[in-house]
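# Chains, contacts and geometry: an overview
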Amino acid sequence: MGGAKVERLCRRSPTDIQRHALLVRYHSALWRPCLHQRGGARDSRSRAQGHLHSFQPQGPFDLCLALARLIVRGILEDFPRVTIVASHGGGGICETISRMDYAYELQDEAFFLGPYAPMKIKHSPSYYLKRMYLDTVTYNQPAVKMVLDWIGPARVIYGSDAPPLTSLKPRAIKLIQDLDISQRERDAIFFANAARLLKLPVPHSDEAA
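Okay, so let's go over this structure. Predicted model only: the values in this text are computed from it and were never measured. (Residues numbered from 1 in each chain as written. Predicted model: local features only at pLDDT ≥ 70, side-chain atom pairs only at ≥ 80, totals over all residues. Heavy atoms only, no water.)

## Comments concerning the overall build of the protein
Tallying secondary structure elements over the protein gives 10 helices and seven strands in all. The 209 residues of the protein split such that 41% are buried. Long-range pairs, those at least 24 residues apart, make up 65% of the contacts in the protein with a sequence separation of at least 6. Approximately 12300 Å² of the protein is accessible, and the part contributed by carbon and sulfur atoms is 56%. (Helix = DSSP H or I, 4+ residues; strand = E, 2+ residues; numbered from the N terminus. Buried < 20%, exposed > 50% of the residue type's maximum accessible area, 1.4 Å probe, protein only. Contact = heavy atoms within 4.5 Å. Areas by Shrake-Rupley, 256 points an atom, 1.4 Å probe, with all protein chains shown as cover.)

See below:
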């Protein structure tokens, strides 16, 4: 098995809580990547009251919150070898991580925001974000650039949402091709990072084409 897909919810409870620690420990021990996906479409649609336009931001919001919980609940602190791969560019986590950082830095000064105890992390939240892998299913240049700025091209993986939405594939490819990055970094995003993550031979760009 090359890895596992982990939904935002497992038996209707967040995957960061203690009862699911065995899953994380298993993948950490085997050095297998965990793909952290947003909740199922049916779950998100029901909470968005069935309206498609309401559903579109719901999924990324769920994913962003799930990744934030993985960070502050100390999962990456307790299991430093676990590899998290998140879809949809982290669902906006790169935009909100600075707020998490300043909350971590202020702590007692920001007591009115609520309790921080128990503090389960030893570094700022962005430290743990930079240990994750995020894909490029962001649909726009500013968002994918923010992902690159935060975690670097060595931890970004090409994604397209195709299938099932096959018409998105050309646009997803163009999104990466239009980035102002080196060809080596572009190759890393398109195939080399994923190959290394899954411990597969890393092809040269001409072989991948």
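Additional details are given in the paragraphs that follow.
## As for the pairing of strand 5 (residues 83–86)
Of the two faces of strand 5, the one carrying T83 and V85 and the one carrying I84 and A86 are both buried. Where strand 5 meets strand 6 (residues 133–135), two bridges bridge the pair, whose relative direction is parallel. Across the sheet, the residue bridging to V85 is Y133, located in strand 6. (Pairing = 2+ DSSP bridges.)

## Thoughts on the pattern of salt bridges
In this structure the tally under the stated criterion is one salt bridge. The shortest N-O distance in the salt bridge between D178 and K174 comes to 2.5 Å. (Salt bridge = Lys/Arg side-chain N within 4 Å of Asp/Glu carboxyl O.)

## Examining the state of the cysteines
If you walk through the whole model with that rule in mind, you get zero disulfides. Of all cysteine sulfurs, the one in C94 lies closest to C64, which takes part in no disulfide; the gap is 8.9 Å. For C64, a relative accessible area of 12% corresponds to the buried category. C94 sits in the buried class, given a relative accessible area of 4%. (Disulfide = S-S within 2.5 Å.)

## A word on a nonpolar patch on the surface
A surface patch of nonpolar side chains, amounting to about 410 Å² of accessible area, comprises F111, F112 and L113. Here F112 is to be found in the loop between helix 5 (93–106) and helix 6 (125–129). (Patch = residues over 30% accessible without salt bridge, like charges linked within 9 Å, V, L, I, M, F, W, Y side chains within 5 Å.)

## Section: the packing of helix 8 (residues 169–177) against helix 9 (residues 183–197)
Two elements in contact, helix 8 and helix 9, have axes whose closest approach is 10 Å; the angle formed by their N-to-C orientations is 150 degrees. Considered as vectors, helix 8 and helix 9 are oriented roughly antiparallel to each other. Contacts from I173, I176 and Q177 in helix 8 reach R186, I189 and F190 in helix 9. By residue class, the composition of the contact of helix 8 with helix 9 is four nonpolar, one polar and one charged. (Axes fitted to C-alpha atoms, helices over the stretch in contact; angles between N-to-C directions. Parallel < 35°, antiparallel > 145°, perpendicular 65-115°, else oblique. Nonpolar A, V, L, I, M, F, W, Y, C, P; charged D, E, K, R; others polar.)

## Quick notes on the layout of surface pockets
For the second largest pocket, the calculated volume is near 590 Å³. For the second largest pocket, the lining is made up of 21 residues, of which A68, V72, M100, P115 and Y116 are closest to its centre. Secondary-structure elements contributing two or more residues to the lining of the second largest pocket are helix 3 (52–72) and helix 5. Counted by class, the lining of the second largest pocket contains 15 nonpolar, two polar and four charged residues. (1 Å grid on protein atoms, 1.4 Å probe; cavity = no way out; pocket = protein on both sides within 12 Å on 5 of 7 lines; lining within 4 Å. Points joined across faces, edges and corners; volume = space filled by probe spheres on them.)

## Re the environment of V144
On the secondary structure map, V144 appears in helix 7 (residues 141–151). Separated by 12 residues in sequence, V144 and V156 place their C-alpha atoms 9.2 Å apart. Once residues lying within four places of it in the same chain are set aside, the contact partners of V144 are T136, T138, L175 and L179.

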